[in-house]
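Structural overview
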There are 2 protein chains.
Amino acid sequence: MASIISVNLPENSYSIHINAGGLNNIGEKASHLAIGKKILVVSNPEIFDYYGQITIDSLQNQGFEVNYHLIPAGENYKNLESIAQIYDTALKCRLERNSTLMALGGGVVGDMTGFAAATWLRGINFVQIPTSLLAMVDASVGGKTGVNHPQGKNLIGAFYQPKLVLIDPSVLKTLPEREFRAGMAEVIKYGVIWDKNLFEALESAQSIDSLNNFDEALLNDILTRSCQAKADVVGQDEKESGIRAILNYGHTIGHAIESLTNYETFVHGEAVAIGMVAAGRVAVKMGLWTENEAHRQDELIAKTGLPTTIPHYLKVEEIIDHLQMDKKVKDGKVRFILPEAIGKVQICDRISSEILSETLSVLID
Amino acid sequence: MASIISVNLPENSYSIHINAGGLNNIGEKASHLAIGKKILVVSNPEIFDYYGQITIDSLQNQGFEVNYHLIPAGENYKNLESIAQIYDTALKCRLERNSTLMALGGGVVGDMTGFAAATWLRGINFVQIPTSLLAMVDASVGGKTGVNHPQGKNLIGAFYQPKLVLIDPSVLKTLPEREFRAGMAEVIKYGVIWDKNLFEALESAQSIDSLNNFDEALLNDILTRSCQAKADVVGQDEKESGIRAILNYGHTIGHAIESLTNYETFVHGEAVAIGMVAAGRVAVKMGLWTENEAHRQDELIAKTGLPTTIPHYLKVEEIIDHLQMDKKVKDGKVRFILPEAIGKVQICDRISSEILSETLSVLID
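Per chain, residue numbering runs from 1 following the sequence as it is written. For this description, chains carry letters from A and ligands carry numbers from 1, given in the order in which they are written. Given that the model is predicted, a residue must reach a pLDDT of at least 70 before its local features are reported, and side-chain atom pairs must reach 80 or more before they are shown or counted; all residues, however, enter totals for whole chains, interfaces and linings. Note that water and hydrogens are dropped before the side-chain values are worked out from all heavy atoms of the structure.

Chain A carries the name 3-dehydroquinate synthase in an unreviewed UniProt entry, which gives Cyanobacterium aponinum as its organism. What UniProt records for chain A under Pathway (unreviewed entry) is the sentence "Metabolic intermediate biosynthesis; chorismate biosynthesis; chorismate from D-erythrose 4-phosphate and phosphoenolpyruvate: step 2/7." Here chain A is described in UniProt, under the heading Function (unreviewed entry), as follows: "Catalyzes the conversion of 3-deoxy-D-arabino-heptulosonate 7-phosphate (DAHP) to dehydroquinate (DHQ)." UniProt positions are given in the numbering used here, feature names are shortened, and annotations may be inferred rather than shown by experiment.

Overlaying chain A with chain B gives an RMSD of 0.0 Å, the required rotation being 180 degrees about an axis along which the chain moves by 0.0 Å. Expressed as a symmetry operation, the mapping of one chain copy onto the other fits a two-fold axis. Closest approach to the rotation axis among the C-alpha atoms of chain A is made by A:Leu80, whose C-alpha sits 4.2 Å away. Contacts: residue pairs with any heavy atoms within 4.5 Å of one another. A shared interface surface links the copies, since 100% of the contact residues of chain A are contact residues in chain B too. Residues below a pLDDT of 70 in either copy are left out; the C-alpha atoms of the rest, at least 70 in both, set the least-squares superposition of the copies.

All names here are of chain B. Two strands are said to pair when DSSP picks up at least two bridges between them. Counting from the N terminus, the helices are the DSSP runs of H or I reaching at least four residues and the strands are the DSSP runs of E reaching at least two. On the basis of which strands lie adjacent, the open sheet formed by seven strands has the order E1-E2-E9-E6-E5-E3-E4 and mixed pairing. This sheet does not close on itself; its edge strands, each paired only once, are strand E1 (2-7) and strand E4 (65-70). Neighbour to neighbour, the strand axes of the sheet diverge by 20 degrees on average, direction disregarded. Across four bridges, strand E2 (residues 14-19) lies against strand E9 (residues 164-167) in parallel orientation. Opposite His17, over in E9, you have Leu166 as the bridge partner. Angular values range over 0 to 180 degrees, each being the angle between N-to-C directions of two axes fitted as lines to C-alpha atoms, with helices fitted over their stretch in contact.

Counting from both sides, the interface comprises 37 residues of chain A and, opposite them, 37 residues of chain B. Buried area: the sum, over both parts, of the accessible surface (1.4 Å probe) that disappears when the two are put together. A buried area of about 3600 Å², summed over both sides, lies between chain A and chain B, and 53% of it is on carbon and sulfur atoms. Counting of polar contacts relies on pairs of N or O atoms within 3.5 Å, with two restrictions inside protein: one atom must be capable of donating a hydrogen and the other of accepting it, and residues adjacent in sequence are counted only when both atoms are side-chain atoms. There are eight residue pairs in polar contact (both at pLDDT 80 or more) connecting chain A and chain B. Residue assignment for the side of chain A that touches chain B shows that the elements contributing at least two residues are helix H3 (80-92), helix H4 (107-119), strand E7 (144-149), strand E8 (152-159) and helix H12 (316-325) of chain A. Here the side of chain A that touches chain B takes six residues from E8(A), the largest share from any one element. Partitioned by chemical class, the residues of the side of chain A that touches chain B number 15 nonpolar, 10 polar and 12 charged. Amino acid classes used here: Ala, Val, Leu, Ile, Met, Phe, Trp, Tyr, Cys and Pro are nonpolar; Asp, Glu, Lys and Arg are charged; the rest, including Gly, are polar.

Here we come to the pattern of salt bridges. The salt bridge definition used is simple: a Lys or Arg side-chain nitrogen within 4 Å of an Asp or Glu carboxyl oxygen. This model, assessed by the stated rule, comprises 28 salt bridges over all chains. Members of the salt-bridge network, linked through shared partners, are A:Glu75, A:Lys153 and A:Glu258.

Here's what the structure looks like:
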């Protein structure tokens, strides 16, 4: 089962190949791109143990000159220092302007490799092989790359498009279940903001809290629908000046919670899950969304085994204060994405501190 | 005397305003751009002493909320650490996506501010006020931004276009004479690669080794012609995949000499001057250029008071080895820009080590 999604942009369009077992043929796919002869694969030790050799063999079989660079796993290493280390390896391998950085890993590896590609020699080629569900449905589409600032997630970065994204669903078998569920948070997000059918497919499935409950067809369907949703939105607004903001549904409060817990308590998708619950409640309070649909969303999140409440040791005031620092602030107002119906959201920046404060208070454990 | 040059690009076109005394009206010019309310001015202490207050007053008079960030002067500070410090200030000032970084200074300040603008919140607005001749005619046109890697100049960076460039020639009065002459190297370059009339205007001028020898009309003419030359080239090839490479005339060997002398012996333009002499000699040896025209070029460089020889303590072999590491290498071959006639160059990557070695040997002091 395979599908190809085109991400159509004014410049730098590219394709996402969703293809079980496709990793074995990455060399052949890469050989159809105009990406020079030298490839530096960036990965983390665990992923590289699983899939590094397959990738390198496939590339070398097609005549590529391949090196690799490993970054320890985790959001803690998503910083400028890790980028400087990629630069050092790029220099050692004498990467040239037409050479390629290839990300083999989850969102952290993808974001950092993309940023290094965007900024080494003022931009070299970038190919992405996401190995987590989150990276497949989110980070691999849309060209957001970057690292964290000590005081905020993804504050440093660039928009930079890959030449190719290869999604091989068969690599999900080595993904920890917690990471799988975290990825499902973004899948649910696409259901709420864009694709009602996707939402209902997930509602109909008996159990979705583990990869084992997905057959190949359902898995392919949710990957394709999720990537298509994101490609649709990004194709309309590459640089996030308008509609693209809807992809941040659940992320405004999600980012604040991640940051205030030092990226240690929650993985990204878990924080987004809580953020979606919060945004849904705000939407209901604002009279935009029905309680019934908000409840269906919360049920789906809970069914996936994702958290729906804020830990008791966080204070409402510190969350609200943190929102002010988020990069989605515009002229001092915090922007929220709020559902109107399953499959449809609006951008709203007229939310009072009172509504926010009331909503967050109720959600605290 | 004022002129406006349009830099026409597929996306992100912008204007260069050349306007004596224009700095007094930067606020009014900025108010016509859609660049938010917050501006962070980046400068170095000396330049800021001269022109910081004028700039800030003019901006504040138009209602902008202005902060500033100073970086010590010099190529030694053109590194990722300085960028991280700009990020910290950007965070403190709570710059938002529609806020602006404004470079007030020479090439180093411009390149770093541009890179910070390109990578903070994945890209915020950028306005450039170049205060050195070099920055006016080179760095301010074309969107190259970046910092040095410990092992090579400008290896880290991005293409990122400003919203506006303001060139106020009256600020050149505080530029050290050595820096003025260094800027003249790039002006001569435009004469050789693109604009024969510019070259001949410089040849006709009695003396060009100091700003004092330029009347307002000649100064305005060389600024306008130089920026126009660069805008013409960049407009045809924003990302340096083709013709833009001709702007590197004199830079291949120039960069090697700068780097091998630890950026301490020569300022950029002086190294480029030597690089142009070397490239001219290679062109003559290859039978592409006449000895007579190469001689005219060398005379013009000497008349400007720029160096034309390589210091005795550099070895031919180390220069050639360094060229291999330069980012202009493509598939292992070093690319040179070689003149065919005054006003016309070609890109050439079939230069033997022998020719290079012979040329460089002769030029060593």
